[in-house]
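In case you want the letters, here they are:
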Amino acid sequence: MSDQMYREVILDHYKNPRGHGVIEDADAEAEGFNPLCGDEVSIYVSFAEDGETIEDVKFSGRGCAISQAATSMLVDMAKGRKATDLAQMPKDELLEEIGIPLTPIRLKCALLGLGVLKVALHRAKGTPLPQEWAGLDELELK
Amino acid sequence: MAVTARPKLDAQKQRADFPIFNELIHGKPLSFLDSAASSQKPRQVLDAMQHFYETSYANVHRGVYELAERATAGYEGARETVGRFLNAPSPREVVFTRNATEAINVVAYAWGLNNLGPGDVVLVTELEHHSNFVPWQYIAHRTGADFRMLPLDDEGGLRLDALDELAGAGRVKVVAAGMVSNSLGSVNPVEKLAAWAHERGAIMVCDAAQGAPHRVVDVQALGADFVAVTAHKLCGPSGIGALWGRMELLEAMEPFNLGGHMISRVTFEDTSWGEVPAKFEAGTQAIAEAVGFGAAIDYITEVGLDAIEQHEHELAGYGLDRLAELPWVKTYGPPTDRRAGIISFNVDGIHPHDVAQILDGEGVAIRAGHHCCQPLMAKLGVAATNRASFYLYTVTEEIDRLVAGLHKVRKILS
């Protein structure tokens, strides 16, 4: 189980996270917390001139390898995409990218970053968070 | 010398009583180092419950037929066993509950709501499990009482020297403390706290959920007013625990749950309550679980509480020594002589969930998280820790497999 979970690509993102840092004066930002394990993730987004294309994404936080690696992979996926499109991105798209078997508890670790990104984008666009995130109500998304 | 030597516990032999150890986890033998969360169950307890269901099951205190009488005898026999185990003056002072948490809620609601108010002080410790923390915090807020916390020293012991200053001019009404910390393994001086509480005219509420499985709990020697225990941590089933309380307090209290069995007389206008302990046992209780609770007490009493305590003391010493070999592991809590069989630790730079996940692949089960002690974790300045905890069936080989697993954790994640 653990050998599958900590495969090379996860360890690479964990040890060399992409886009680690903070964007001052970000166009969208949010933070989230998993009370179960204390994982924390903050995400910062800046839009291109069109106010829609994602120009840059950064994240900061601390937590387990799964939450940090998943958020790093999400940053890679997010750049250059449209904010509205990304705000509707299904969980499975990220989970397929992560590509490891996750127990229900570790699923919350893996989806923390995506939840935070969605909160940031929906807040910036003034749209409500999709209903499917109600199932992750143990996560405190702000 | 020889005459005073206590029989030593043979954990390898005890292990044969526990069917779970025949299981392979990810193809590896099970190293179960999470007994502080819940213990495994011996064949004797499983058989007792199975036998009860097959030969003696009916609802209790109701029927006039033979089976109902057998069931009642089993249920009330378990109450007597719990009473003897705790050295209660009377088995009638033993109230069955779902678990230790519910036992504390009974006191917090049924005693606290009617006895606390503005100007009163409720004192808990920074070590407390949420079970003996959250109910008191809530009831204090509801009644306007002050909620205060007894601080810890650097080794995770209670700062008894801070008691008087902390109480100040307030009327201390409740002192609530665990017997053994489930996070740090600290053994608390409950007798001293109880004596101080009584000097102040307060009641002492002791959460013995983590104490009773591992050492003798004598409610009279402790001097507490209420003691909460649970079966599942002492080789018994989940779903059953007990509250022991002094009879005059139990008699003066309002009920907690309301419904069947706890009544004396019900009319359209009013209801009067039944006698203690029935007053606190509304509805059909966990009957077979109570029988299993009794069987579990018989089992650990047969092994011997002194022998269990000594065995865990040796394991804690062995575990601390082995972990001290790893400079990248930090342990928390008191030295061995004031510690039960619990070791909380962190691996440098690696989140406890990752540690526990990789150990799971080696068949090693430990707890990773805040252990229902978020105030304590905040005090330690960590979000979570790893915790290895031991019981009467724990062998040193399991600790060796933990240490080997930690090397693997480092290899993968550092």
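Scroll up a little and you will see the structure.
Report on the accompanying structure. Bear in mind the structure is a predicted one, so any value in this text is a computation, not a measurement.

The subject of this paragraph is the nonpolar core. Residues and elements named next belong to chain B. Within the largest apolar cluster, 80 residues are counted, with the highest numbers of intra-cluster contacts made by Val227, Phe293, Ile300 and Leu392. The element best represented in this core is helix H10 (residues 287-303), accounting for eleven residues. Each of domain 1 (7-37 + 304-413) and domain 2 (47-302) gives at least three residues to this core. The contact partners of Ile300, leaving out residues within four places of it in the chain, are Phe85, Ala212, Pro213, Leu234, Cys235, Leu305, Ile308, Tyr391 and Leu392.

On to empty space enclosed by the protein. For the coordinates displayed, the defined rule picks out one cavity of 30 Å³ or more. The calculated volume of the largest cavity comes to roughly 40 Å³.

Quick look at helix H4 (residues 100-115) of chain B now. All names here are of chain B. Taking 1.5 Å as the rise per residue, H4 with 16 residues should run 22 Å; its terminal C-alpha atoms sit 21 Å apart, in good agreement. Restricting attention to buried positions, one finds in H4 the residues Ala100, Glu102, Ala103, Ile104, Asn105, Val106, Val107, Ala108, Ala110, Trp111 and Gly112. For H4, the N-terminal cap is Asn99; the gap from its side-chain oxygen to the backbone nitrogen of Thr101 is 3.3 Å.

Now for the sheet that holds strand E14 (residues 342-347) of chain B. Residue and element names in this part refer to chain B. Read from one edge of the open sheet, four strands run E13-E14-E17-E16, paired in antiparallel fashion. Two strands bound the open sheet, and with one partner strand each, they are strand E13 (329-332) and strand E16 (367-369). Strand after strand, the sheet turns through a mean of 30° between neighbouring axes, direction not considered. In this sheet, E14 lies alongside E13 in antiparallel orientation, the contact comprising four bridges. If you follow Tyr332 over to E14, its bridge partner there is Ser344. Sitting on the sheet, helix H12 (residues 352-360) is in contact with E14, E16 and strand E17 (385-389), with an inclination near 40° to E17. Against the sheet, helix H14 (residues 396-413) makes contact with E13, E14 and E17, and its axis sits at roughly 15° relative to E14, the strand it touches most.

What counts and how
- Residues numbered from 1 in each chain as written.
- Chains lettered and ligands numbered in written order.
- Predicted model: local features only at pLDDT ≥ 70, side-chain atom pairs only at ≥ 80, totals over all residues.
- Heavy atoms only, no water.
- Core = buried A, V, L, I, M, F, W, Y, C linked by side-chain atoms within 4.5 Å.
- Buried < 20%, exposed > 50% of the residue type's maximum accessible area, 1.4 Å probe, protein only.
- Helix = DSSP H or I, 4+ residues; strand = E, 2+ residues; numbered from the N terminus.
- Domains from an automatic or database assignment.
- Contact = heavy atoms within 4.5 Å.
- 1 Å grid on protein atoms, 1.4 Å probe; cavity = no way out; pocket = protein on both sides within 12 Å on 5 of 7 lines; lining within 4 Å.
- Points joined across faces, edges and corners; volume = space filled by probe spheres on them.
- Expected span 1.5 Å × (residues − 1).
- Polar contact = N/O pair within 3.5 Å; in protein donor to acceptor, adjacent residues only side chain to side chain.
- Pairing = 2+ DSSP bridges.
- Axes fitted to C-alpha atoms, helices over the stretch in contact; angles between N-to-C directions.

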